[in-house]
Amino acid sequence: MHTDKIHLDSPDVGELEKKYLIRCIDSTYVSTHGPFVSEFEENFSEILGCQNAVSVQSGTAGLHIALHELGVGPGDEVIVPVLTFVATVNAVKYVGATPIFVDVDLLTWNMNPDKVRDRISPKTKAIIPVHLYGSPCNMTELAAIAQQYELYILEDATESLFSKFNGRFTGTFGDFGVFSFNGNKLITTGGGGMIIGTAPLRLEHVKFLVNQARDEKKGYYHSEIGYNLRMTNLEASLGLAQIERFEEFLSKKRIFRDIYVEHLENIDEIQLQQDYDKSETEWWFNSILIDTDRTGKNIPEIQSELFKKGIPTRRIFMPIIEFPPYFEKNKDRYSYAYRIYERGLNLPSSTLNSESCIKYSVQELVKLL
Ligand SMILES: *Cc1c(COP(=O)(O)O)cnc(C)c1O
């Protein structure tokens with residue numbers, strides 16, 4: 001057994017976060033009104049090189065309000081990957097539209113652009129690419145499809161903060177890009193999200209909608225039906241500390257990636273999740289496919305053996321059409337997503353780990369096979 005606790009995806013928070021939280025409490029600006037939220041939005045957009053960013057309560061809320069702002073609603077279809085976290089797809093339902101699922105490709109585990117083309121109909125309004133576990137989607141091809149058919153792109157960049165495709169940050173390609181600061185993401189605010197967008201007026205309108213559609217110049221006057229999806233200053237304070245540390249997080253994550261690649265690239269039974277040539281991926285999670293036919297052990301068995309050695313793992317997302325609200329009987333269309341689900345595993349990737357935790361984890365994994 002390894003002496004240090006090994007973390008799968010635990011948040012990395014410490015002294016700086018404490019200091020900024022105390023500063024927030026001392027200021028009494030703990031709620032949505034106060035200086036820290038806008039400071040966090042400014043720092044975030046500066047690092048991403050975009051004009052503006054609007055903070056929200058969660059990534060899920062960000063996806064929801066972005067679809068709403070794009071006017072996606074009942075009668076519209078939205079193309080989504082079948083292999084994602086359920087929040088991507090629930091957001092489509094929140095606005096009353098219909099999710100249309102597509103399979104992923106076996107190397108990057110991301111939405112296959114050819115399959116997207118196959119499922120476009122006169123009702124299609126938008127595409128939601130999800131950059132799974134940090135690996136960017138092929139945004140060149142998806143943008144070309146969107147342009148050809150006049151579709152919106154809403155990027156679910158909740159897992160891919162700082163990953164680049166073709167030299168550009170994920171989240172900056174689409175009409176909107178949404179990030180998450182949930183506890184297990186690259187940086188956390190406890191819970192929260194951020195929206196960026198290519199059209200400044202639309203983004204401005206999102207900011208207005210998430211603040212109860214309140215026209216502050218007229219006091220408590222509301223010209224539309226708004227929402228309360230605002231981030232609090234307590235959350236933003238945590239975010240301010242985390243964003244100061246993003247380079248530290250990224251350099252640790254890159255070292256972890258190198259360790260996994262070094263130990264796994266020549267193991268026949270294991271295939272690491274890949275990225276496209278044009279990608280500069282910041283791997284949020286390191287994930288693998290295991291040839292379970294050759295190992296003779298299925299994924300739950302491998303997980304429990306690793307767990308006994310103190311190594312936490314997580315299964316890949318179950319294809320969304322397995323869930324009752326989205327159930328589809330015919331699964332042939334999604335053979336790669338099923339293959340990845342049945343053979344895939346997320347490995348310890350939290351920045352709380354030491355290099356030796358990661359080395360121990362990967363060595364034990366190899367021994368097991
Ligand atoms: C985390 C995540 C979300 C939702 O973000 P929250 O901040 O937890 O609401 C959406 N989509 C994907 C792919 C995610 O991983």
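What you are looking at is a predicted structure, and each value in this text was computed from that prediction instead of being measured. (Residues numbered from 1 in each chain as written. Predicted model: local features only at pLDDT ≥ 70, side-chain atom pairs only at ≥ 80, totals over all residues. Heavy atoms only, no water.)

1. Quick look at the overall build of the chain
And then number 1: Secondary structure summary: the chain contains 13 helices and 14 strands in total.
And then number 2: Referenced to the eigenvectors of the C-alpha coordinate spread, the extents of the chain come out at roughly 70 × 55 × 35 Å.
And then number 3: The buried share of the chain, taken over its 369 residues, is 55%.
And then number 4: In the chain, the share of contacts with a sequence separation of at least 24, taken over all contacts with a separation of at least 6, comes to 70%.
And then number 5: Accessible surface computed for the chain: about 16100 Å², of which carbon and sulfur atoms make up 50%. (Helix = DSSP H or I, 4+ residues; strand = E, 2+ residues; numbered from the N terminus. Buried < 20%, exposed > 50% of the residue type's maximum accessible area, 1.4 Å probe, protein only. Contact = heavy atoms within 4.5 Å. Areas by Shrake-Rupley, 256 points an atom, 1.4 Å probe, with all protein chains shown as cover.)

2. What about the packing of helix H3 (residues 59-69) against helix H7 (residues 200-210)?
To describe two helices that pack against each other, one gives the angle between their axes and the distance between the axes.
And then number 1: Where H3 meets H7, the closest approach of the two axes is 10 Å, and the angle between their N-to-C directions is 120°. Classed by the angle they form, the pair H3 and H7 counts as oblique. You can see that H3 and H7 cross each other, and the crossing is right-handed. Taken together, the residues of H7 that come into contact with H3 (itself represented by Ile65, His68 and Glu69) are Arg202, His205, Val206, Leu209 and Val210.
And then number 2: Residues that form the contact of H3 with H7 fall into these classes: 4 nonpolar, 2 polar and 2 charged. (Axes fitted to C-alpha atoms, helices over the stretch in contact; angles between N-to-C directions. Parallel < 35°, antiparallel > 145°, perpendicular 65-115°, else oblique. Left-handed = near helix turned anticlockwise from the far one by under 90°. Nonpolar A, V, L, I, M, F, W, Y, C, P; charged D, E, K, R; others polar.)

3. What about the site of the ligand?
And then number 1: Surveying the vicinity of the ligand reveals 15 residues, the closest of which are Gly59, Thr60, Glu159, Ser180 and Lys185.
And then number 2: The contact in question runs from an oxygen atom of the ligand to an N or O atom on the side chain of Thr60, over 2.5 Å.
And then number 3: A distance of 2.5 Å separates an oxygen atom of the ligand from a polar atom in the side chain of Glu159.
And then number 4: Every element with two or more residues in the shell around the ligand is listed here: H3 and helix H4 (86-94).
And then number 5: Among the residues making up the shell around the ligand, the classes are represented as 3 nonpolar, 9 polar and 3 charged. (Near = heavy atom within 4 Å. Polar contact = N/O pair within 3.5 Å; in protein donor to acceptor, adjacent residues only side chain to side chain.)

4. Overview of the side chain of Lys185
And then number 1: By the element assignment, Lys185 lies in the loop between strand S8 (176-180) and strand S9 (193-197).
And then number 2: We note that Lys185 is buried and unpaired, the nearest opposite charge coming from Glu159 at a distance of 5.0 Å.
And then number 3: The residues touching Lys185, leaving out its near neighbours within four places in the chain, are Thr158, Glu159, Ser180 and Trp284. (Lys, Arg positive; Asp, Glu negative; His and termini not counted. Salt bridge = Lys/Arg side-chain N within 4 Å of Asp/Glu carboxyl O.)

5. Overview of the pattern of salt bridges
Any two side chains of opposite charge can pair, on the condition that their charged atoms come close.
And then number 1: If you walk through the whole model with that rule in mind, you get 16 salt bridges.
And then number 2: The partner of Asp293 in a salt bridge is Arg343, with the nearest N and O atoms 2.9 Å apart. Here Asp293 is found in helix H10 (residues 292-295), whereas its partner Arg343 is found in helix H12 (residues 335-343), with 50 residues between them in sequence.
And then number 3: Asp293 gets classed as exposed once you look at its relative accessible area, which sits at 61%.
And then number 4: Owing to a relative accessible area of 15%, Arg343 belongs among the buried residues under this scheme.
And then number 5: Glu305 is paired through a salt bridge with Lys297; the nearest N and O atoms lie 3.7 Å apart.
And then number 6: Glu305 sits in the partly exposed class, given a relative accessible area of 25%.
And then number 7: The exposure class assigned to Lys297 is partly exposed, which follows from its relative accessible area of 23%.

6. Let's talk about the sheet that holds strand S11 (residues 279-280)
And then number 1: Taken in spatial order, the 3 strands make up an open sheet running S7-S6-S11, and their pairing is antiparallel. Bordering the open sheet on either side are strand S7 (168-169) and S11, each of which pairs with just one other strand.
And then number 2: As paired strands, strand S6 (residues 164-165) and S11 are joined by 2 bridges and run antiparallel to one another. Across the sheet, the residue bridging to Phe165 is Ser279, located in S11. (Pairing = 2+ DSSP bridges.)

These values are about where atoms sit, not about what they do.
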